[in-house]
Protein chains: 2
Amino acid sequence: MNAPHNLQMLRKPLPAEMSSALQQLFGERFSTGQAVREHHGKDESAYPNMLPDAVVFALTTEEVVAVVNLCNQYQVPLIPFGAGSSLEGHLLAVEGGISLDVNGMNQIISLDAEDQTVTVQPGLTRKQLNEQIRDSGLFFPIDPGADASLGGMASTRASGTNAVRYGTMRENVVSLTVVTAQGKVIKTSRRARKSSAGYDLTRLFVGSEGTLGVITEVTVKLYPQPEAVSAAVCNFPSVNDAVQCVIQAIQMGVPLARVELMDTAAVHASNRYSKLTLRETPLLLFEFHGSQHSVKEQAEIVQDIAKECGGMDFDWAERTEDRNRLWTARHNAYFAGLQLRPGCRASTTDVCVPISRLAECINETTAELEKASFPTTIVGHVGDGNFHVLMLLDPNDAAQWEESERINQNIVRRALEMDGTCTGEHGIGLHKIQFMAQEHGEDALDLMRTIKKSFDPNNILNPGKIITVDYSL
Amino acid sequence: MNAPHNLQMLRKPLPAEMSSALQQLFGERFSTGQAVREHHGKDESAYPNMLPDAVVFALTTEEVVAVVNLCNQYQVPLIPFGAGSSLEGHLLAVEGGISLDVNGMNQIISLDAEDQTVTVQPGLTRKQLNEQIRDSGLFFPIDPGADASLGGMASTRASGTNAVRYGTMRENVVSLTVVTAQGKVIKTSRRARKSSAGYDLTRLFVGSEGTLGVITEVTVKLYPQPEAVSAAVCNFPSVNDAVQCVIQAIQMGVPLARVELMDTAAVHASNRYSKLTLRETPLLLFEFHGSQHSVKEQAEIVQDIAKECGGMDFDWAERTEDRNRLWTARHNAYFAGLQLRPGCRASTTDVCVPISRLAECINETTAELEKASFPTTIVGHVGDGNFHVLMLLDPNDAAQWEESERINQNIVRRALEMDGTCTGEHGIGLHKIQFMAQEHGEDALDLMRTIKKSFDPNNILNPGKIITVDYSL
C-alpha cells in the first residue's frame, strides 16, 4: 500500500489562473474548503485520505466540458465523484487536482417505458431511480449494496445480488453520454437493443473508472416488476454441498433471481445483529421472480435439488415481511460482521471464479482464514462465482493489516489460478493495480495502455488508476 | 457502391520473399490458385468479387502468428476468413493481400458443462458446435440464419431469432484468444462470469470485423436445453397490432425465446415455397422455452394479449413436427422470397430501432416499398426492434439496383432518426461505412479511429472496413 503515498509527491499546486477561471464559472459551486476536500478525498477503502485541491459541483454536461477543458489546458487531474461508495481507492486524489462532483446531476432525462429503458444523469442513485419509476411497473435490478450513483456504477462495472438473473452493468448499460479528455461530447450508442455498427464504445467506457472520459448521461435497461416474488433459505452441511445445489439448479434452467451464500461465521453474525435464529451452518438464500405459479415451481425444483445435496430446513418465505427479514439479514451482513468486533476496521476482498471452482476456492480460503488472528465472514453471489471475505481488524494493529493484505493476495492468486478474476464487481482503483499484469498478461495490458494514452494523451482523467502508464515513452 | 472499386487501385503485388516464406511454412496450405482466391474473394453481399493475392489455411494459433508477423513485416493486408457468409462485404480483399482461412481450426478445445461455457477454435460453425455438445444437455442459442463460424459470429457481433431471450454475441462471448497486429497472443478475459478488472477488451474485439486482431479461440456461454418448447403463430390485421402485442408481452415479463414478424408478402412467399396455408396477413411466430407448465402459461398469456391486439387464429404447435414446419418456413423465408422472382438477385437491409418506434418504421418503409418496381418481403426479429427487407432485383437492370440502394439509404436514415442503428446484426463491412458518421458523430468516430490506429499502426488488419482512417495524419 505504499505506492499511492509516493504518488502524492507528484502533486503540483492548482494554477492560480485556473482557480480564478473556475471561481468565475462556478461561484459557490467551486470550493477549496478543507471539509469539502476531505469529503471528496476519502472512499470506503482502507486508504488514508488523499484530498483533491478543489471541488467543482457541476450541474450540466456543458459545465463538465468547461472543467475538462480547463484541466486539459493546465494539465490538472480530474476525478469524477458520485456517491463516494467505491471500495478500492477509485476516487482518491493521488496527484491532487479537481474532484468533479456530479451529485447535483440527478434527474431522470427520459423514461421510455415501452422500450424498457431510462436515461438519467450520472448522480442519480439506484434507490432514487427505483423510487421515481415505481409507477411505471418497471424496475432497475442492479444492487451493489451501497446506494451508489448510476454514473459510478457504470464506471466500476458494478453488479450485486441480482446479477445471476439480470446481468451486471456490462449487460445493462445501453448507451452513455461521455465528455472526452478533449472536451468533446459523444454518445456511445443509439438506444436500439442491439447493433453491429462498429467498435463497442459503450462497453469500453463501462468499467473504465473515470480514466477514459467523464460520464454525463447513462441509459440503462429496465425490467418488468415481477408478478410474484418468493424467497427461500436452506442450510447445508458444507459450502461444497451448497455450491453443488446452485450448479444443479442453474443446469436445470431455473431462472434464479438471486442466490446468496453465507458461511457459518456470517450466519452467526447475522443471528446476533438481526436477531434471527438461523441454524449456524453454511446457507443459501434464494429469491425467485415470475408468475405466481412459476415462482412456486422454481422453489419446488430447487427444494428437490437442495434435498439431494444434503440441504436441511428448506424454508420458503412467500410473505413480503418474511422475505424482507431474510434479505435484510443478507444486506446487513456487512454491518453484522462489523459488530462481531466493535470498533474494528473492515477489509473486504472480491474475487470471482468459474462456478465449477467456487467451492474449492472458498474451502481453501476458509482453511487459511481459520488461522487468521482476527474474525472473518464470507458472503458470496454464488450464482456468479463471486465471493467477498470480510476481515475485521484492530485499527491500531499494523501487523493485522499486513496479515489481511497477505490473505487478500493469496485469495487473488488462488482465484487467478482457477481462471478467475481479481475483482468480480468492486473494480481495480488503486488497490488491485498490482494484480493486473498477472490477470491479463503484459501484452493485453499494453493494449489497455495504448487505449488510455490515445484517449487521454495528457493523463488528466483519474490518473494512477486501473493501470500504470509510462507517458514518457 | 463505387468506393471499393477505387480502393482496388491500392493493390500492390505480394512481395516474392513473403510468398516464398509462406510457401515454405505452409506448403500446400498456401495457395495462389484462381479458384481458391475466387472462393475467398466473394461473400453474400452484392459486391463484385475482390480476390486476395493468396490464401493461407492455418491450423494453429502459432501459424496465425507467423502469418501476421509476415504481413506486418511486408505491410500486406490480412483478412480472416471463416464460413464466408457475411453480407456487407466484410471479407472482400479491397487492397489484395492474404485471406487467412481458419476453417481447419474447427475443434472444441474445452467443454465446461458445470460453468456452461465452451471454448472452440474460430472455424467451428454453430451447427457443428450444437451437434457436438448435444449430449451435455446444453446448447448454444445464437442462430444468424447461415451456419456461420463462431469466429465470424464474434467478429460481426451476430445475433438472430433467439436474441430476444439469450442476447447477441456481445452478451455471450466470455473470452477470446486474439493475435494482435504485432503478433502477440492475448486472452481478453478470464472465464469467470463477471469481472471489473480493467478495460473490456472482449467487447472491443467482438464486432471489430477482423480490423483489430485475429481471433483464434472463442469462449461462449451455453444454456440448458429447455425441458419443453412450444411454438405459436398468430395473424394480425396490421404490423402495428403485431408489434403492440410483442411490446405488451415483454412488459408482462413473458420470457419469449423467439418472436418473429413476417409481413404479408413474406407470408405469401412462404405459403408458396413451403406449401403452407397461412392466412396472408402480417403474422407473428412465437417460440416459448421452459418447463412443461411454464411454456403453457406463457402461450396462454400471449394468446390473451394477442386477442386484445386484434390477433386472429392463435395456433399453438406443441408437437415437434408442427413446430419445425413453422420454423422451417421462417428460416426459409429468404429462399421463399427468392422464388417470388426466379433468377433474381437479392439485396437485404438490416436496421434496428427502439421497439416503441418499430411499427412506425416498418409502416413508413412499407409505404415506400409499395412504390418499388420489384417485389419485396419484410421479416423482423421484432422483440429486438430489428428487421430486414428483402428486395428482389433483376440482375441485369442497373436502375433497379440503384433504386434498391436509394431505398436502403432511406430505411437507414429513417432508423437513425428514430434513435436506431444502421445495422442490427449484419455489421458494417464496406457497405455501411457511409452511415457511420451519421450514426455515431465525427467525435465518436475519431475515438474508433484512434483505437484502430493504435492497435494496428500499419493498417494490415482487414483494411478499408468499418471506418475510413487516414494513416498519413
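As the structure is a prediction and not an experimental result, all values here were calculated from the model.

Enquirer: Talk me through the relation of the copies chain B and chain A; I want residue IDs and the actual numbers.
Expert: With an RMSD of 0.0 Å, chain B superimposes on chain A once it is rotated by 180° and translated 0.0 Å along the axis. What we have between these two chains is a two-fold relation. The share of interface residues of chain B whose copies in chain A are also at the interface is 100%, consistent with both copies meeting through the same surface.

Enquirer: I'd like to hear about the environment of B:Ala317, residue by residue, with values.
Expert: Assignment of secondary structure puts B:Ala317 in strand β15 (residues 312-317). The residues touching B:Ala317, leaving out its near neighbours within four places in the chain, are B:Ser230, B:Ala231, B:Ala232, B:Asp322, B:Arg323 and B:Leu326.

Enquirer: A description of the pattern of salt bridges should follow, citing residues and the corresponding values.
Expert: Evaluation of the coordinates by the stated rule reveals 48 salt bridges over all chains. A salt bridge links A:Arg319 to A:Asp322, with the shortest nitrogen-to-oxygen separation between them at 3.1 Å. The partner of A:Glu368 in a salt bridge is A:Arg414, with the nearest N and O atoms 2.8 Å apart. You can see A:Glu368 sitting in helix α15 (residues 358-369) and its partner A:Arg414 sitting in helix α16 (residues 398-417), a full 46 residues away along the chain. Residue A:Glu368 is classed as buried on the basis of its relative accessible area, which comes to 15%. Connected through shared salt-bridge partners, A:Asp112, A:Asp115, A:Arg191 and B:Asp419 make up one network.

Enquirer: Report on the sheet that holds strand β2 (residues 54-57) of chain A, specifying residues and quantitative values.
Expert: All names here are of chain A. Taken in spatial order, the four strands line up as β1-β2-β4-β3 in an open sheet, and their pairing is mixed. Single-partner strands in this sheet number two, and they are β1 (30-31) and β3 (78-81). For β1 and β2, the ladder comprises two bridges, and the chain directions are antiparallel. Considered in β2, the bridge of Ser31 is made with Val55. Each of β2, β3 and β4 (98-101) is contacted by helix α4 (residues 61-74), which is oriented at about 170° to β4, the strand it contacts most.

Enquirer: For the domain arrangement of chain A, give the residues involved together with the corresponding values.
Expert: Often the size quoted for an interface is simply the accessible area lost on bringing the parts together. All names here are of chain A. Domains assigned within chain A are domain 1 (108-224), domain 2 (228-334) and domain 3 (342-417). A C-alpha centroid distance of 22 Å is found between domain 2 and domain 3. Counting from both sides, the interface comprises 17 residues of domain 2 and, opposite them, 17 residues of domain 3. Contact between domain 2 and domain 3 buries roughly 1,400 Å² in total, counting both sides, with carbon and sulfur atoms accounting for 71%. A per-residue breakdown of the area domain 2 buries against domain 3 is headed by Val243, Leu261 and Tyr334, which together make up 32% of the total. Listed by contribution, the elements that provide at least two residues to the side of domain 2 that touches domain 3 are α10 (239-251), β13 (258-262), α11 (264-274) and α14 (333-339).

Enquirer: Requested: an account of the UniProt feature "domain: FAD-binding PCMH-type" (unreviewed entry) in chain A, with residues and values cited.
Expert: What UniProt calls "domain: FAD-binding PCMH-type" (unreviewed entry) maps, in this numbering, to residues 48-225 of chain A. Helix makes up 24% of residues 48-225 of chain A and strand makes up 24%, while its end C-alpha atoms are separated by 41 Å.

Enquirer: How would you summarise the sheet that holds strand β8 (residues 173-179) of chain B if you had to cite specific residues and measurements?
Expert: All names here are of chain B. A sheet is described by the order of its strands in space; here five strands give the open sequence β5-β6-β10-β8-β9, paired in antiparallel fashion. Strands at the two margins of the open sheet, each flanked by one partner only, are β5 (108-112) and β9 (185-187). Direction aside, neighbouring strands of the sheet carry axes that sit 10° apart on average. One ladder, built from four bridges, connects β5 with strand β6 (residues 117-120); its direction is antiparallel. Of the residues in β6, the one forming a bridge with Leu111 is Val118.

Enquirer: Residues and numbers for α16(A), please.
Expert: Residues and elements named next belong to chain A. Between its first and last C-alpha atoms α16 spans 29 Å; for 20 residues at 1.5 Å apiece the expected length is 28 Å, and the two agree. Residues Gln400, Trp401, Glu403, Ser404, Glu405, Ile407, Asn408, Ile411, Val412, Arg414, Ala415 and Leu416 constitute the buried set of α16. Check the buried side of α16 and you find it contacts β16 (345-348), β17 (351-352), α15, β19 (386-393) and α17 (433-440). The N-cap of α16, judged by a side-chain oxygen 3.0 Å from the amide nitrogen of Ala399 a few residues on, is Asp397. Phi turns positive one or two residues past the end of α16, at Asp419, with a value near 65°.

Calculation rules
- Residues numbered from 1 in each chain as written.
- Chains lettered and ligands numbered in written order.
- Predicted model: local features only at pLDDT ≥ 70, side-chain atom pairs only at ≥ 80, totals over all residues.
- Heavy atoms only, no water.
- Least-squares fit on C-alpha atoms with pLDDT ≥ 70 in both.
- Contact = heavy atoms within 4.5 Å.
- Helix = DSSP H or I, 4+ residues; strand = E, 2+ residues; numbered from the N terminus.
- Salt bridge = Lys/Arg side-chain N within 4 Å of Asp/Glu carboxyl O.
- Buried < 20%, exposed > 50% of the residue type's maximum accessible area, 1.4 Å probe, protein only.
- Pairing = 2+ DSSP bridges.
- Axes fitted to C-alpha atoms, helices over the stretch in contact; angles between N-to-C directions.
- Domains from an automatic or database assignment.
- Buried area = accessible area lost by both parts, 1.4 Å probe.
- UniProt positions renumbered as here; feature names shortened; annotations may be inferred.
- Expected span 1.5 Å × (residues − 1).
- Polar contact = N/O pair within 3.5 Å; in protein donor to acceptor, adjacent residues only side chain to side chain.

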